[in-house]
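For reference, the chains in residue letters:
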Amino acid sequence: MAEIIEGISPTRMELLKLGRRIVLAEKGHKLLKEKRDALVSEFLDVVQRVHESSDSTNEKLAEAFKDLLMAQAVMGSDAVWQISQVTGQEIKIDVDAMNIMGVKVPMITTEDVKRSMIDRGYGFADTSSKVDDAAKNFEEAIQEVIKLAEVQQSVESLASEVIKTKRRVNALEYIVIPRLKATAIHIRMRLAEMERENFTRLKKIKAAIEAGEEGAVAI
Amino acid sequence: MDSESRVFAKLVRSLNDHLPAERKTLGELLREEKPRVVSRDGSSYRIRKEELETIERIIGSKWGKEAERLRLPLLIEMSPDYGRSAARIRGRVYCDIVQAILGEERKTTDEMVIFRTDVRRLRRELPSATQYAFLISTS
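Rules and cut-offs
Residues numbered from 1 in each chain as written. Chains lettered and ligands numbered in written order. Predicted model: local features only at pLDDT ≥ 70, side-chain atom pairs only at ≥ 80, totals over all residues. Heavy atoms only, no water. Helix = DSSP H or I, 4+ residues; strand = E, 2+ residues; numbered from the N terminus. Rg over C-alpha atoms; globule rule 2.2 N^0.38 Å. Buried < 20%, exposed > 50% of the residue type's maximum accessible area, 1.4 Å probe, protein only. Contact = heavy atoms within 4.5 Å. Areas by Shrake-Rupley, 256 points an atom, 1.4 Å probe, with all protein chains shown as cover. Lys, Arg positive; Asp, Glu negative; His and termini not counted. Charge placed at Lys NZ, Arg CZ, Asp CG, Glu CD. Pairing = 2+ DSSP bridges. Buried area = accessible area lost by both parts, 1.4 Å probe. Salt bridge = Lys/Arg side-chain N within 4 Å of Asp/Glu carboxyl O. Nonpolar A, V, L, I, M, F, W, Y, C, P; charged D, E, K, R; others polar. 1 Å grid on protein atoms, 1.4 Å probe; cavity = no way out; pocket = protein on both sides within 12 Å on 5 of 7 lines; lining within 4 Å. Points joined across faces, edges and corners; volume = space filled by probe spheres on them.

Undergrad: So what exactly am I meant to see when it comes to the overall build of chain A here?
TA: For chain A, the helix and strand inventory stands at four helices and two strands. Ordered by position in the sequence, the α and β elements of chain A form the string α-α-β-β-α-α. Here chain A has a C-alpha radius of gyration of 37 Å; the compact-globule value for 219 residues is 17 Å, and the former is much larger. Over its C-alpha atoms, taken along the principal directions, chain A stretches across nearly 140 × 25 × 20 Å. Across the 219 residues that make up chain A, the buried fraction comes to 34%. Counting contacts in chain A only where the partners sit at least 6 residues apart, residues at least 24 apart contribute 81% of the total. Surface accessibility of chain A: about 13,500 Å² in total, with carbon and sulfur atoms responsible for 58%. Looking at chain A, you have 33 positive and 36 negative side-chain charges, and the mean spots of the two groups are 13 Å apart.

Undergrad: I keep staring at the pairing of strand β2 (residues 103–110) of chain A and nothing clicks. Help me out?
TA: A regular strand carries its side chains on alternate faces of the sheet. All names here are of chain A. As paired elements, strand β1 (residues 93–100) and β2 share eight bridges and run antiparallel to each other. Its bridge partner being in β2, Ile93 is matched across the sheet by Thr110. Adjacent in sequence and paired antiparallel, β1 and β2 are bridged by two residues, among which Met101 carries a positive phi angle near 50 degrees.

Undergrad: I'm lost on the interface of chain B and chain A in this one. Help?
TA: How big an interface is tends to be reported as the loss of accessible area on association of its parts. Residue-level contacts link 36 residues of chain B with 33 residues of chain A. Of the roughly 3,100 Å² buried between chain B and chain A on both sides combined, carbon and sulfur atoms contribute 54%. The interface formed by chain B and chain A contains nine salt bridges. Between Asp94 of chain A and Lys34 of chain B there is a salt bridge, and its shortest N-O distance comes to 3.6 Å. Mapped onto the side of chain B that touches chain A, the elements with two or more residues apiece are α1 (3–15), β3 (44–46), α5 (116–125) and β8 (130–134) of chain B. Residue contributions to the side of chain B that touches chain A peak at seven residues, all from α1 of chain B. Taken together, the residues of the side of chain B that touches chain A break down into 13 nonpolar, 13 polar and ten charged.

Undergrad: How should I be thinking about empty space enclosed by the protein in this particular structure?
TA: Rolled over the atoms, a probe sized like a water molecule indicates the empty space that remains. Taken as a whole and assessed by the stated rule, the structure comprises one cavity of 30 Å³ or more. A volume near 70 Å³ is recorded for the largest cavity. Around the largest cavity, the lining residues are Asp37, Ala38 and Ser41 of chain A together with Met78, Ser85, Arg116, Val119, Arg120 and Tyr132 of chain B. Mapped onto the lining of the largest cavity, the elements with two or more residues apiece are α1 (12–75) of chain A together with α5 of chain B. Split into classes, the residues belonging to the lining of the largest cavity amount to four nonpolar, two polar and three charged.

Undergrad: What's the story with unusual backbone geometry in this structure? I'm lost.
TA: Leaving glycine out, the prevailing phi sign among residues is negative, and the prevailing peptide bond configuration is trans. That bond from Leu72 of chain B to Pro73 of chain B is cis: its omega, 5 degrees, falls within 30 degrees of zero. Mapping Pro73 of chain B onto the fold places it in the loop between β4 (71–72) and β5 (74–78). Non-glycine residue Met101 of chain A carries a positive phi angle of around 50 degrees. Relative to the elements of secondary structure, Met101 of chain A occurs in the loop between β1 and β2.

That's the geometry; what it means functionally is another story.
Following this line, the structure appears as structure tokens:
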């Protein structure tokens, strides 16, 4: 049985107060459980998105590196390096926050980084088609990487909030509510005991009074 | 209000701190370059423009100009009174949006109750344009 709360006097008033506290604690517990369930559901959803996103990122990057290797094999790594120097691109990333039940998760948006072959800025005549393929795949991979960063950070933030809420739910479920209930039972038992004591005392007083009256009549 | 009720009220308030202090209309949000709402705890957060456009597309045809007056974010009301993980959507326009996203038609008046899987689908479609609200009856 759970511990009782120390320093509570066993009175009917306290019992009523405890009753109210138990009702409120149970309501709070149910509400927090709702929040925990919702958070877990969000968390599982984000975890699934992380898996999907990491799979597609790996796929895109593998393809891009394969094309890059092919391009280096055909043109030589120096030539590919030189092309990479003229095709630099600035990627604008907008990092903001989204709110999931009080948990701030990042919202990263980017402009479309995919460019046409002309926009990339290198000549077609002396370059292999593998360079085009690699550039296209890397551009696609960049967007996947950004998406992955967003969901991975969300997973971390949500996980810590799930743990925090779970701890609060467990504290109410296994410590606060049982303790309140045990104290209420203790007070109820103590009041019943006091009632029995009073009953016995009254009976003894009555017997003593009756014995006194009988003595007086005999005299 | 006794101290226990005050503690409970504080708990409910803290669970709903993320709700917007004032909900903006769809029209206002669409006009903003980076649509944001300020929550009760003073912080602000962003709503994705694509989600706003999705909502506009869904209700625009049925509600016309009225759609612009729709207040966002859409609230998913969670309460133990509806049963575990069930949620309530209140408001005819909001019910229309939810039905369109879930791809089902219900005979609803002003509110509808949806369950865990539907809530997940709705959140997946509109993660920033919807918010959970935690409610409990006072009785």
